[in-house]
Amino acid sequence: FPSHDTVVTGETGSGKTAILHGINLLLGQKLDTSLIRRGQKKGSIQASFEFPFPKELSKLLEDAGIPFENSTLILSREVSEEGKSKSWINEKMVSISFLQKVGSYCAQIIDQHSSYELRSSDLQREILDTFGSLQQHVHEFADLMEQSKSLEKSWEELLDLEREKQREFDFCLT
């Protein structure tokens, strides 16, 4: 397996499912309050992820004002017995949707029920791009598409201005 892949195996009852529940919780998945230890009002989990950040993730974190150093993220989540939760990234409180967005860069869990996810054309494209070492090209293409859309918008604005000027000119002639 490549260095970024991890396989969790073990005997029945060894705790694989508990570990995966915890990681899924950190990645923003729906919570199950039955996982909170009996007699406790809340449960918490924290993990550190260290990997080279894609440009999109760095921008996402910068835009949200989340400090990060050395390509390390610390994701934390606290769950109350009432089902309410709080989430943090590098000690800054974040929404669950933001945690999910960032979490998608940190880990992808594939289990025996993941065949449904593999039907996603976006995931298939991402797997093929990764397999073909095309990530840099994909990022460059995305940048060029963004520039193209910006230029197209500017062009439409210029055309609108020209049409407005022509209407005003035609109005003056009548």
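Residues numbered from 1 in each chain as written. Predicted model: local features only at pLDDT ≥ 70, side-chain atom pairs only at ≥ 80, totals over all residues. Heavy atoms only, no water.

**Q** Honestly, a nonpolar patch on the surface in this entry has me stumped. Any pointers?
**A** A cluster of nonpolar side chains, W155, L158 and L161, forms an exposed patch at the surface whose accessible area comes to about 350 Å². Relative to the helices and strands, L158 is located in helix α5 (residues 135–173). (Patch = residues over 30% accessible without salt bridge, like charges linked within 9 Å, V, L, I, M, F, W, Y side chains within 5 Å. Areas by Shrake-Rupley, 256 points an atom, 1.4 Å probe, with all protein chains shown as cover. Salt bridge = Lys/Arg side-chain N within 4 Å of Asp/Glu carboxyl O. Helix = DSSP H or I, 4+ residues; strand = E, 2+ residues; numbered from the N terminus.)

**Q** Looking at this structure, I do not really get the environment of G28. What am I missing?
**A** Among the structural elements, G28 can be located in the loop between α1 (16–26) and β1 (42–50). On the accessibility criterion, G28 (4% relative accessible area) is buried. Considered as a pair, G28 and F171 are 143 residues apart in the sequence and their alpha carbons are 59 Å apart. Here G28 is in contact with R77, I96, L99 and Q100, once residues within four sequence places are set aside. (Buried < 20%, exposed > 50% of the residue type's maximum accessible area, 1.4 Å probe, protein only. Contact = heavy atoms within 4.5 Å.)

**Q** Is there a simple way to think about the packing of helix α2 (residues 55–63) against helix α3 (residues 96–106) in this case?
**A** Between two packed helices, the angle of one axis relative to the other and the distance separating the axes together describe the packing. As a packed pair, α2 and α3 sit with axes 10 Å apart at the nearest point and diverge in direction by 150°. Here α2 lies roughly antiparallel to α3, going by the angle between them. In the packing of α2 onto α3, the handedness of the crossing is left-handed. For the pair α2 and α3, contact is made by E56, L57, L60 and L61 and by F98, K101, V102 and Y105, respectively. (Axes fitted to C-alpha atoms, helices over the stretch in contact; angles between N-to-C directions. Parallel < 35°, antiparallel > 145°, perpendicular 65-115°, else oblique. Left-handed = near helix turned anticlockwise from the far one by under 90°.)

**Q** Any chance you could explain the side chain of N24 here in plain terms?
**A** Relative to the elements of secondary structure, N24 occurs in helix α1. When residues no more than four places from it in sequence are discounted, the contact partners of N24 are Q29 and I109.

**Q** Help me understand unusual backbone geometry in this model?
**A** Backbone geometry follows two general trends: most residues other than glycine have a negative phi, and most peptide bonds adopt the trans configuration. At N90, a position not held by glycine, the phi torsion is positive, near 45°. Within the element layout of this structure, N90 appears in the loop between β3 (85–89) and β4 (92–94). Even without a glycine there, the phi angle at S133 is positive, about 55°. Relative to the helices and strands, S133 resides in the loop between α4 (121–131) and α5.

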